[in-house]
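A look at the structure
Here is what each chain is made of, one letter per residue.
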Protein chains: 2
Amino acid sequence: MLANEEEHARLVETARGDRPADLFVRGGTIANVYSGEFYEGNVAVTAGRIAYVGEGERAAGPDTEIIDAKGMIVAPGYIEAHFHPWVLYNPVSLVEGVLPLGTTTIVADNLFFFMQMGHEGFAKMAGDLRDLPLQYLWMVRLTSQATFPGEEEMFALDNVEPLLRRDDVLGTAEVTRWPALAAGDPALISSIRKAKSLGKIVDGHTGGASESRLQPVAAAGIDADHEAITKEEVLNRLRLGIWTMLRNSSLRPDLPELLRSITENGISTQRLIMTTDGPSPEFLAEHGLVDGMLRVAVDNGVVPMQALQMVTINPATLFRIDGQVGGIGIGRRADLLLLPDLKSFRPETVISRGRVVAERGELRVPLPDVEWDSYGSRPHFDPDLDLGDPALYPQERSQAEVPVIHLRSAVITERKDARVRSENGLVVPDGDALHAALIDREGAWISRAFVSGFAPKLDGLASTYNTTTHLLVLGKRPKSIARAAWRVRELEGGIVVVEGDKVTFETALPVAGMMSGLPFAEVVELNRRLSRAVAKAGYEHHDILYTLLFLTCDFLPALRLTPLGLLDVKSSETLAAAERL
Amino acid sequence: MLANEEEHARLVETARGDRPADLFVRGGTIANVYSGEFYEGNVAVTAGRIAYVGEGERAAGPDTEIIDAKGMIVAPGYIEAHFHPWVLYNPVSLVEGVLPLGTTTIVADNLFFFMQMGHEGFAKMAGDLRDLPLQYLWMVRLTSQATFPGEEEMFALDNVEPLLRRDDVLGTAEVTRWPALAAGDPALISSIRKAKSLGKIVDGHTGGASESRLQPVAAAGIDADHEAITKEEVLNRLRLGIWTMLRNSSLRPDLPELLRSITENGISTQRLIMTTDGPSPEFLAEHGLVDGMLRVAVDNGVVPMQALQMVTINPATLFRIDGQVGGIGIGRRADLLLLPDLKSFRPETVISRGRVVAERGELRVPLPDVEWDSYGSRPHFDPDLDLGDPALYPQERSQAEVPVIHLRSAVITERKDARVRSENGLVVPDGDALHAALIDREGAWISRAFVSGFAPKLDGLASTYNTTTHLLVLGKRPKSIARAAWRVRELEGGIVVVEGDKVTFETALPVAGMMSGLPFAEVVELNRRLSRAVAKAGYEHHDILYTLLFLTCDFLPALRLTPLGLLDVKSSETLAAAERL
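Residues numbered from 1 in each chain as written. Chains lettered and ligands numbered in written order. Predicted model: local features only at pLDDT ≥ 70, side-chain atom pairs only at ≥ 80, totals over all residues. Heavy atoms only, no water.

1. Comments concerning the packing of aromatic side chains
Applying the stated rule across the entire model yields 24 aromatic pairs over all chains. Ring centres of Phe113(A) and Trp138(A) lie 5.6 Å apart, and the angle between their planes is 80°; this geometry places the pair in the edge-to-face category. Taken together, the positions of Phe113(A) in helix 3 (residues 111-129) and Trp138(A) in strand 8 (residues 135-140) put the pair 25 residues apart, joining distant regions of the chain. Like Phe113(A), the residue Trp138(A) is buried in the burial classification. Between the aromatic rings of Phe114(B) and Phe155(B), the centroid separation amounts to 5.2 Å while the plane-to-plane angle is 50°, which identifies the pairing as tilted. Here Phe114(B), found in helix 3 (residues 111-129), pairs with Phe155(B), found in the loop between helix 4 (151-154) and helix 5 (157-164); they are 41 residues apart in sequence, far enough to count as distant. Taken as a pair, Phe114(B) and Phe155(B) share a single burial class, namely buried. A connected cluster of aromatic rings, assembled from ring pairs, spans Trp86(A), Phe112(A), Phe113(A), Phe122(A), Tyr136(A) and Trp138(A). Over the face of the ring belonging to Tyr39(B) we find Arg239(A), whose NZ or CZ atom lies 4.0 Å from the ring centre. Above the face of the Phe381(B) ring, Arg441(B) is positioned so that its terminal group lies 6.0 Å from the ring centre. (Phe/Tyr/Trp six-rings, centres within 6.5 Å; stacked < 30°, edge-to-face > 60°. Helix = DSSP H or I, 4+ residues; strand = E, 2+ residues; numbered from the N terminus. Buried < 20%, exposed > 50% of the residue type's maximum accessible area, 1.4 Å probe, protein only. Lys NZ or Arg CZ within 6 Å of the ring centre and 35° of its normal.)

2. Some points on helix 8 (residues 211-220) of chain B
Counting buried positions over the ten residues of helix 8 of chain B gives seven, a clear majority of the element. What helix 8 of chain B keeps buried is the set Leu214(B), Gln215(B), Pro216(B), Val217(B), Ala218(B), Ala219(B) and Ala220(B). Tucked inside the fold, the buried residues of helix 8 of chain B contact helix 1 (5-16) and strand 3 (49-54) of chain A together with helix 6 (179-182), helix 7 (186-197) and helix 9 (231-238) of chain B. Following helix 8 of chain B by one or two positions, Gly221(B) has its phi on the positive side, about 130°. (Contact = heavy atoms within 4.5 Å.)

3. Thoughts on the environment of Leu163(B)
Mapping Leu163(B) onto the fold places it in helix 5. With near-sequence residues (within four places) excluded, Leu163(B) lies in contact with Asn110(B), Phe114(B), His119(B), Phe122(B), Ala123(B), Val140(B) and Val169(B).

4. A closer look at the side chain of Ser452(B)
All names here are of chain B. Here Ser 452 lies in strand 22 (residues 445-452). For Ser 452, a relative accessible area of 6% puts it in the buried group. Aside from chain neighbours lying at most four places away, what touches Ser 452 is Val 404, Ile 405, His 406, Leu 407, Asp 432 and Ala 433.

5. Details of the sheet that holds strand 13 (residues 272-275) of chain A
All names here are of chain A. Taken together, three strands build an open sheet; the order of strands is 11-12-13 and the sheet is parallel. Bordering the open sheet on either side are strand 11 (224-225) and strand 13, each of which pairs with just one other strand. Examined bridge by bridge, strand 12 (residues 243-247) and strand 13 share four bridges and lie parallel to one another. Pairing of Thr 244 across the sheet is with Leu 272, part of strand 13. Against the sheet, helix 9 (residues 231-238) engages strand 11, strand 12 and strand 13, with an angle of about 160° to strand 12. (Pairing = 2+ DSSP bridges. Axes fitted to C-alpha atoms, helices over the stretch in contact; angles between N-to-C directions.)

6. Description of the packing of helix 10 (residues 255-263) of chain B against helix 12 (residues 290-299) of chain B
Residues and elements named next belong to chain B. Contact geometry for helix 10 and helix 12: axes closest at 10 Å, N-to-C directions at 55°. The orientation of helix 10 relative to helix 12 falls into the category oblique. In the crossing of helix 10 with helix 12, the sense of the turn from one axis to the other is right-handed. Mapping the contact onto sequence places Leu 255, Pro 256 and Leu 259 in helix 10 and Met 293, Val 296 and Ala 297 in helix 12. A breakdown of the residues in the contact of helix 10 with helix 12 according to their chemical character gives six nonpolar, no polar and no charged. (Parallel < 35°, antiparallel > 145°, perpendicular 65-115°, else oblique. Left-handed = near helix turned anticlockwise from the far one by under 90°. Nonpolar A, V, L, I, M, F, W, Y, C, P; charged D, E, K, R; others polar.)

7. Some thoughts on the relation of the copies chain A and chain B
Each copy superposes on the other: chain A lies on chain B with an RMSD of 0.0 Å after a rotation of 180° and an axial shift of 0.0 Å. Overall, the copies show the geometry of a two-fold rotation axis. In this assembly the copies share their binding face: 100% of the residues contributing to the interface of chain A also contribute to that of chain B. (Least-squares fit on C-alpha atoms with pLDDT ≥ 70 in both.)

8. Structural notes on the nonpolar core
Residues Phe454(A), Tyr465(A), Leu474(A), Phe454(B), Tyr465(B) and Leu474(B) are the most contacted members of the largest nonpolar core, which totals 339 residues. With near-sequence residues (within four places) excluded, Tyr465(B) lies in contact with Trp86(B), Val87(B), Leu88(B), Gly494(B), Ile495(B), Leu509(B), Gly513(B), Met514(B), Leu545(B), Leu548(B) and Leu549(B). (Core = buried A, V, L, I, M, F, W, Y, C linked by side-chain atoms within 4.5 Å.)

9. Let's talk about the interface of chain A and chain B
On the side of chain B, 56 residues touch chain A, which itself brings 56 residues to the contact. Here chain A meets chain B over a buried area of about 4500 Å², counting both sides, of which 50% is carbon and sulfur. Contact with chain B buries area across many residues of chain A, yet Arg193(A), Arg239(A) and Gln270(A) alone supply 15% of it, more than any other trio. For the interface between chain A and chain B, the tally reads four salt bridges. For Glu37(B), the salt bridge identified is with Arg239(A), shortest N-O distance 2.8 Å. Counting across the interface, chain A meets chain B through 33 residue pairs in polar contact (both at pLDDT 80 or more). Mapped onto the side of chain A that touches chain B, the elements with two or more residues apiece are helix 1, strand 2 (37-46), strand 3, helix 6 (179-182), helix 7 (186-197), helix 8 (211-220), helix 9 and helix 14 (313-318) of chain A. Broken down by element, the residue count for the side of chain A that touches chain B peaks at seven residues, all from helix 8 of chain A. The residue inventory of the side of chain A that touches chain B, partitioned by class, reads 26 nonpolar, 19 polar and eleven charged. (Buried area = accessible area lost by both parts, 1.4 Å probe. Salt bridge = Lys/Arg side-chain N within 4 Å of Asp/Glu carboxyl O. Polar contact = N/O pair within 3.5 Å; in protein donor to acceptor, adjacent residues only side chain to side chain.)

Next comes the structure, spelled out in C-alpha cells:
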C-alpha cells in the first residue's frame, strides 16, 4: 500500500516545487478532516498521491491536468469500514454502484471467497482486485458463520496467517460466534494474538451482548464493533475502549437512533465510524452507501465535519492506514470528491488515485474483466446428488410435536413447537410452516426442519445464497422445491423461486453461490424481482436476502438450520441432527 | 507489549466475572477518554491490566485489594509522547521525578544511548528498563544531531533495522537535519520506508520550516512533528496530515500560544498531542511534566477532557498502542491516576500495571539498580590526549577578521565577524567572545572557534553534555579551560566550571557523558548550581543545558562548532575545518 520508491521520490519533488504535478485541483474549499476546517486551497497530485495542499500554484505546470473546483467542496474519498461485498453484487459490480457515489475504499470481509476458493484462491483474487479504481482492503475470518465439519482445518492459523501477513489485509474479521470469545476459546484467542502481533486490527461482532457480556469479549481482544442497535449500546461499547461503528444497513437501518449518542450525549466522535455493513442492492440503489449515511447524519443534527470524519479519517485511523487514505494529507492516495454541498454528499466528480473515475453519478472508466472461475469461485455439486426427487425434502417424524423455526422478523427466529399431522403421506405441522432443508452440495448430508413466518404461500424456493453456500430449500410443495433445487444446481449456484411447476424467479450466482456476474444495475433489478416474487408468496419481512442468508447461521437467536442439523443457538443443542444422504 | 497468553486468559476470566480481580478501584469518577465522558464507576484489574470497567461489583473478591476512589477522578496514566531522557537525569532517575506526577509512559529518543552503546548495548538497556514502573517505549534515530566521520556506518539500516523490529520501539525518531528529507535523501527515505513497512511511526522535526518547506518533508513520510512555535505553525502542520505536538519545554515553553489554535480557531483536537520534549531538571521540578501541561491547557481555556485526550488516547493512537495504553479500556495496562480535581492534575495516587507506585507525590516502590557501565555507557577518552596544556584551546589565525558564533538566545546563534588582536600571545577577537573548542575524546581531531553572547566572564567550562558527547570547552582563560577539561576527563564525562584556577561547579555524567547517576532530587540541585555558576559568569539566557547541548549541533541557525569544524548550517559550508590532533 506504500507508494513504490520511484513514486515516493517523484512525490517529494512535486511537494518541493521541483516537478509539475500530474493533476491540479484548483480553488475548491478543502474539507480538512485533520484540523476539522473548511478553507480554500489547491491540491496537487503526483503518481496518484497528494503532493501538495495549500494556496500555492507552483505545482501546476504546462502539462498538468487542471480541474477547476471553484464553488465545490473538495473532500477525501469515503471509506466503508465494515462491508460484506457479496449481497448478489460481487466486488467488481459493486464498484459500478458505489464508486460514483464517492466511496473509494472498502474494508471487506473475505468469508465466502475464502471458504469457496481457499487461501490461495482468495489471495489471487485480492491481488487482481488491486487494479480496480476502488480500493479493497480485507479482513480475514477466523471462523465461519455456520459451524460445519472440517471447519477447524479450514480456518487453522496455518491457512489464515499467510493472509494476515498481506499488506492489503488489515486484520481479522468479525467473529459472529462471539460467545466463544467471551468463553476465551483458545484457538480464537491464539489467532487474535497472532493478528495483533502482526500489527493488525481485530474486528468484533457482539450482536445482543449485554454490557456485562461485552467485557470478556473486549478482553479477548476486539478493537471494533458495529452491532450497537441503541444509543445505550453505542455507549456500552465505546466506553470499554472499542471503536464503535454506527450501522445503517438494509437489515438494520439504525443510524438515526445511534446518532443520538452524539447529538444528545455529546460524546467524542473521534472513535466513532459509520458503516452500511453490506446492504441489499435494492437498499443501496435507493439510499446510497456512505453518502447516504452522511445525509442521515447531517439530517439528524450531526455537524458536517464530524460526519465526514466518521467516514474518512476515523476508519483510516482505526485500521492504521491514515498515512495512506482518509484525508487530504501529503502522501495520501489522491482519492478526492468534488461535492456541490454538505447536504447531499453526492459527488459531482470522483477522483481515485489522481484519476477522474466518475462524474455526475456515472462511472467514467472501464472495469477489468475478472475471470471469477479462475479463482475456483464456482460452487460444485456432486454429480450423483439427485435433487429432482420430491421425497428428499420433507422431514419424516414419528413425534406428535416438532420444533419449528419461526421468523419473528427478517432474521430473528423463535422456537415454536407445533403438532404434526399426516397429509398426502407427508408429515405437516399445524400452522403456516414450510418444509425446509439444507443439503450438502457434495451430497454427504441433509438437515431438515420446518420454518414458519416466512412466506406461507411459497411453493418452492432454493438458494445457495446462505451462510453455508450449500443448498437451502423452502416451500410447502415438495415438487416445487425439487424443481427449484434442480434448477439451482443446473445454474451452478443461485436463487430460484417456483410457483406450482413454474419458475417465477431465477438468478445464477456463479461466484461462490452468493454473487451474480451481472452488472450492478441488473443486480438491483434482480433483487427487486426477487422481493416481488417472495412478496407474492406472502413474505412479510423487509430483507429477503438477509432472511435467506441467516436462516443457516449459528449466531442469531433462536433456531437455525445448519450443517449439523436443527440447532438451538443459545443452548448449542442440535434438536434434530443432520442425516447422511 | 501484549499480555502473555496466561495473563490474557486470566483477564478474560475476570472480565467474565469468573475470577476475582487483583485490584478493584471503587466508586471514582471515570475520565473516559474514548467517549469523552466523566461518570461514576469501578475499575477491576487482573494481571496488571484492566479487566472490567463499569458499575458492577462482582470482580471484587475476598482477596482483592480495594482502593476507595470516592470523590476522586480516575484518569488514565499520562503519556509523554516525545522525550529525550538524558537532560542530566537518566531514564531511571527520571522515574523518581515524574512517575509521582502521573506520567506512566514515555516515548523516548534513543540517540545518545545508541551512539554510546551501539545497537546491542541499547537493546540490552531497553530490555532491562522494562522492569521499571514507568513504561519506556522508544523511537530510534536515523541520523545524529551533528554530522561526524563514521556516522553513515553507525546509522546504516543494518544497525537500525534490528531495533525497528522490537515491539518496544515504536518508530524512527526525529530527523533534526530535516532539509535532507525535503531534498529526498535516499538513505533516509529508504529507512523511513523500512520503518513504515514494519508498521512503525516516523517522527519529524521541522523547526523553522515554512509552510512550503513542510510539504516535501511531509512527502518524505513524517507522521508527527513537535516544532510549531506559533498558532499558525500548528495549523500548517496539522492541515498537511501531520500529527501535531504542542510543546512546552524548558527551552521553548510555547504551549499558551499554541493552544490558541484550539481556543481561537476551534480546530479538531483528535490529532493534537502535548509534549515537554525533555525539559531541564530545574524546569521539571518547577513546572511538572505532563501534569504541568494539563494545568497550562486548562488555564488557557481548553476543556479538561480534550486536554486529557491530548496526553492519553491521542498519543496512544498515533503510536498504534491504543490497545495497550492511553485509556481506561478493557485489556489496557492498568496505569491509573486518582486525581483530586481537574485543575492541578496532580495525582493523589499513581497506579502502574495495577500496583500503587506513588502516593501524594512520593514514589512508593524501589527502582532497580541499573548497571549503566554494563551497557558500555561510560564515555572513553584516549589515554594519550593531553588536555592539561592551555595552548591546545585558542585558535591560531592569521586573518584580520574571524567569524564568531554569537548566541542570540539560549540556542539560536548568528554569525558576527570580529576583528582580532593579539593579547598575551593569543589571538583574541574584539568584544566578549570566548575561546571555544570541540575535542574528539579519542584524540583524533579538534574544532576551534569563538563564541560570544554566552557568558562574558566565564574563565573556563568543559562539558561532554553536547550533541556530540565529545569534549566542548569554552572560556576566556586557556588555563581555566585546561583545568576544566582535565577535570571532566578525570570524571570520565561531565560538566565542570572553573573560576580562575578553582572548580566552582562540577558533576560527573558517567552515562554517555550526558546523564548523572545521582537521584533525581540531586540532579535538580545540580542543575540549579550549574545555572548559578554560569549566571555568575554572565550567562544571560534561560537554559544553560540546551545552550551547551546545541552549540555543537548541525540543524539550528547559524554557526555551530561541530566535529567537522566551524559550520555554517544554512550553507553547509565549513568556515574553519577541524584539525588533526
